[in-house]
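Read off the chains here:
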Amino acid sequence: MKCRVCREPAVIDIRRHNANFCRDHFLRYCRDQVQRAIDEFEMAAPGEQLLVAVSGGKDSLAVWDLLLELGYQADGLYIGLGIGGYSDVSGEYARAFAEQRNLHLIEIDLRSEHGFDIPTASAVTRRVPCSACGLSKRHLFDGAARAGGYDAVVTGHNLDDEAAVLYGNVLRWQTDYLGRQRPTLRAANGFPRKVKPLVRLTERETAAYCILRGIDYQVEECPMAAGNKHLRYKDALNEVEAQSPGTKHDFYFRFLRQAVDRFVDADRDASTLEPCVRCGSPASGEVCSFCRLIERTADARPVPVEFLTRRKSKK
Ligand code: AMP
Ligand code: FES
Ligand code: ZN
Ligand code: ZN
């Protein structure tokens, strides 16, 4: 196996591009793919201040590293979700990355700053944990970007994530969610711009990027996400991809080219949002869903994550 560019021994094969690369040309390929996504979807301009939401996992650390390599200015934001040892370790990876490179990392701790954590919110609302988790993360990303005057929030969503979410939304024709699946959501209605520069790279590629760049990351998956629908959709798409390389890419990028404009983004396109009376962030009712979550969990006794994962494994 030889590198497509220099014919030296290759370290990775990328079947959907029918290409193999050596270390240096693979790293260049990753940078090129990210720059191409940024340009194509107008994610960021030179000189803008970006805020990268870092979970301590491979994708968000890779995107932070790639943006800096490409010359962008980017700080990090880590949210302590209170998911037991998983969150403790994730925070350590995010902190270590920032410290080694002398980068600015903003930290928000859900439990000490807002009085709840994800396992407790999940038990109180009786919804899947990812729903309270997603809602809280979005709220805190947006708030931190507004407070710090950042031009855009960056997340580490990759091609596998976006194709799996699209697959789930199409299976149920969730048209309200389809409208939010662009890799760039423009700033509007008090929401900051949101961008996903890794949409042209797969999970396998971001993991390889981290290993080749010597970036240590949290390898464990969130214990609360184990067995969820999103992971099953990823498995299903991987099976198709193994038979027909390139399917995942086409599924997502043809949707962007041919269909996404048919759907509205309720957060950005609607004109009915008003500031939440408690926290001021854009809301469809008087009080935003994050402030309602604070209220609902206020009197709850903290629920340890093991309680929820044990219950799930018994099912
Ligand atoms: P997930 O929803 O866990 O798949 O994560 C998607 C993206 O959200 C990651 O790539 C990060 O950019 C961001 N993210 C996830 N967890 C956190 C966290 N605890 N703090 C900050 N950002 C996060
Ligand atoms: Fe959100 Fe696991 S990271 S539920
Ligand atoms: Zn090479
Ligand atoms: Zn609010």
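Our subject in this report is the structure included herewith. (Residues numbered from 1 in each chain as written. Chains lettered and ligands numbered in written order. Predicted model: local features only at pLDDT ≥ 70, side-chain atom pairs only at ≥ 80, totals over all residues. Heavy atoms only, no water.)

## Some remarks on the side chain of Glu 48
Logical step 1: The topology assignment puts Glu 48 in the loop between helix H1 (23-40) and strand S3 (49-53).
Logical step 2: Side-chain polar atoms of Glu 48 contact the side chain of Arg 193, separated by 2.9 Å.
Logical step 3: In contact with Glu 48, not counting residues within four places along its chain, are Met 43, Gln 73, Asp 151 and Arg 193. (Helix = DSSP H or I, 4+ residues; strand = E, 2+ residues; numbered from the N terminus. Polar contact = N/O pair within 3.5 Å; in protein donor to acceptor, adjacent residues only side chain to side chain. Contact = heavy atoms within 4.5 Å.)

## Some details on the coordination of the zinc ion (ligand 3)
Logical step 1: Each protein donor to the zinc ion (ligand 3) is listed here as Cys 3 (SG), Cys 6 (SG), Cys 22 (SG) and His 25 (ND1); together their distances run 2.1 to 2.3 Å.
Logical step 2: Around the zinc ion (ligand 3), the four donor atoms sit at angles spanning 96 to 114°, and that spread fits a shape best called tetrahedral.
Logical step 3: Considered as a linear motif, the donors of the zinc ion (ligand 3) on their single chain read C-x2-C-x15-C-x2-H.
Logical step 4: When its relative accessible area of 30% is taken as the criterion, Cys 6 is described as partly exposed. (Donors = N, O, S within 2.8 Å, 3.2 Å for Na, K, Ca; no water. Tetrahedral: all angles 85-135°; square planar, octahedral: opposite > 155°, others 65-115°. Buried < 20%, exposed > 50% of the residue type's maximum accessible area, 1.4 Å probe, protein only.)

## Quick look at the site of ligand 1
Logical step 1: Around ligand 1 lies a shell of 13 residues, among which Ala 53, Val 54, Ile 79, Lys 137 and Gly 156 are the nearest.
Logical step 2: Contacts to ligand 1 include Lys 137, whose side-chain N or O atom sits 3.2 Å from an oxygen atom.
Logical step 3: Between an oxygen atom of ligand 1 and a main-chain N or O atom of Gly 156, the distance comes to 2.9 Å.
Logical step 4: Contact with the protein chains hides 76% of the accessible area of ligand 1, taken as 480 Å² for the molecule alone.
Logical step 5: When residues of the shell around ligand 1 are assigned to their parent elements, the largest contribution, three residues, is made by strand S4 (residues 73-80).
Logical step 6: For the shell around ligand 1, the residue count by class is seven nonpolar, five polar and one charged. (Near = heavy atom within 4 Å. Areas by Shrake-Rupley, 256 points an atom, 1.4 Å probe, with all protein chains shown as cover. Nonpolar A, V, L, I, M, F, W, Y, C, P; charged D, E, K, R; others polar.)

## Remarks on H1
Logical step 1: With 18 residues, H1 should cover 26 Å at 1.5 Å per step; its first-to-last C-alpha distance of 26 Å lies within 8% of that length.
Logical step 2: Every buried residue belonging to H1 is among His 25, Phe 26, Leu 27, Tyr 29, Cys 30, Gln 33, Val 34, Ala 37 and Ile 38, and all of these are buried.
Logical step 3: Residues of H1 that are buried in the fold lie against strand S1 (12-14), strand S2 (19-21), helix H2 (58-69) and helix H9 (203-213).
Logical step 4: Where H1 ends, the next residue or the one after it, Glu 42, has phi of about 45°, a positive value. (Expected span 1.5 Å × (residues − 1).)

## Here's the deal with the coordination of the zinc ion (ligand 4)
Logical step 1: Looking at the zinc ion (ligand 4), the protein donor atoms are Cys 276 (SG), Cys 279 (SG), Cys 288 (SG) and Cys 291 (SG), and they sit 2.3 to 2.4 Å from it.
Logical step 2: Viewed at the metal, the four donor atoms of the zinc ion (ligand 4) are separated by angles of 106 to 114°, and the geometry they form is tetrahedral.
Logical step 3: Expressed as a motif, the donor residue spacing for the zinc ion (ligand 4) is C-x2-C-x8-C-x2-C. Of this pair, Cys 279 sits in the loop between strand S9 (274-275) and strand S10 (282-283) while Cys 291 is found in helix H13 (residues 289-297), placing the two residues 12 residues apart along the sequence.

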